[in-house]
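In case you want the letters, here they are:
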Amino acid sequence: EDEAVGLSDSRCPSLYHLVFVGRATRHGRCCGLIEERHRKVAQIEQETPARIGDKWTVLVVELLAGGPMRFNEIRRTIGNISQRMLTLTVRELERDGLVTRTVFPTVPPRVEYQLTKLGRTLREPLIAVAEWVRKHQPAMVQARKLFDAAGIAKPSHRREPRRGPSVLSRSRIPARSQLT
């Protein structure tokens with residue numbers, strides 16, 4: 001029933017089967033312990049690109065590539081990041097093993113962040129993406145101009161003022177000017 005299918009089969013979206021089980025299953029089903037592992041791996045597969053591709057992660061990793069930095073030093077260097085967002089970013093990087101947090105027993109306590117060995121390996125793909133962007137940015141800008149000039153799609157609805165529901169304009173509730 002769960003006979004192996006080709007690598008291009010999309011019924012089992014996780015790479016887990018291909019990497020750890022060695023095959024995808026016809027119905028995308030696993031059994032017992034493997035199914036639980038499948039869920040965990042699928043969750044990591046979804047979270048990892050979001051973590052690595054996050055703009056704050058990219059900036060923090062690039063800053064820490066120069067050596068250990070204190071929290072406020074990172075914040076001042078980045079400039080437009082809130083304390084909460086930087087806290088969440090370094091906490092997730094630490095959780096993923098990309099950054100270490102060292103607390104020095106001074107008054108007040110001094111805390112430094114630095115890239116781990118794993119975190120330093122992340123720089124290579126980030127640099128490759130940055131080089132790709134530099135190389136292809138003119139073509140992307142040109143494509144955007146052509147797309148916008150063709151009027152294929154309206155700008156995002158978020159840029160246009162929102163209209164209230166039409167029900168309110170025909171409402172029986174009197175306007176403020178009518179109350180006095």
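Student: What am I meant to see in the pairing of strand β5 (residues 110-115) here?
Tutor: Looking along a regular strand, one sees side chains alternate from face to face of the sheet. In this structure, strand β3 (residues 69-70) lies alongside β5, joined through 2 bridges in antiparallel fashion. Residue pairing across strands places Arg70 opposite Glu112, the latter belonging to β5. Note that strand β4 (residues 99-104) and β5 share 6 bridges and pair antiparallel. In the strand pairing of β5, Phe104 is matched with Arg110. From the end of β4 to the start of β5, which pair antiparallel, there are 5 residues.

Student: Would you take a moment to explain the pattern of salt bridges for this structure?
Tutor: A side chain of one charge can pair with a side chain of the opposite charge when the charged atoms of the two come close. Scanning the model with the defined rule gives 3 salt bridges in all. For Glu62, the salt bridge goes to Arg123, with nearest N and O atoms at 3.0 Å. Highlighted residues: Glu62 in helix α3 (residues 55-64) and Arg123 in helix α7 (residues 123-150), separated in sequence by 61 residues. Of the charged contacts in the structure, one is a salt bridge between Arg95 and Glu92, with a shortest N-O distance of 3.5 Å. In this pair, Arg95 and Glu92 are both assigned in helix α5 (residues 83-95), 3 residues apart and thus about one turn of the helix distant. Given the relative accessible area of 63%, Arg95 is considered exposed.

Student: What is the right way to look at unusual backbone geometry in this model?
Tutor: Across residues other than glycine, the phi torsion is negative in most instances, and most of the peptide bonds are trans. Val107 connects to Pro108 through a cis peptide bond whose omega is -10°. You can see Pro108 is positioned in the loop between β4 and β5.

Student: When you look at the packing of helix α4 (residues 71-78) against α5 in this model, what are you seeing that I'm missing?
Tutor: Any two packed helices are characterised by how steeply their axes cross, that is the angle between the axes, and by the distance between the axes. Their axes nearest at 11 Å, the elements α4 and α5 cross at an angle of 120°. Like other packed secondary-structure pairs, α4 and α5 cross with a definite hand, here right-handed. Mapping the contact onto sequence places Phe71, Ile74 and Arg75 in α4 and Gln83, Leu86, Thr87 and Val90 in α5. Residues belonging to the contact of α4 with α5 are distributed by class as follows: 4 nonpolar, 2 polar and 1 charged.

Rules and cut-offs
Residues numbered from 1 in each chain as written. Predicted model: local features only at pLDDT ≥ 70, side-chain atom pairs only at ≥ 80, totals over all residues. Heavy atoms only, no water. Pairing = 2+ DSSP bridges. Helix = DSSP H or I, 4+ residues; strand = E, 2+ residues; numbered from the N terminus. Salt bridge = Lys/Arg side-chain N within 4 Å of Asp/Glu carboxyl O. Buried < 20%, exposed > 50% of the residue type's maximum accessible area, 1.4 Å probe, protein only. Axes fitted to C-alpha atoms, helices over the stretch in contact; angles between N-to-C directions. Left-handed = near helix turned anticlockwise from the far one by under 90°. Contact = heavy atoms within 4.5 Å. Nonpolar A, V, L, I, M, F, W, Y, C, P; charged D, E, K, R; others polar.

Read these as spatial facts, not as claims about activity.
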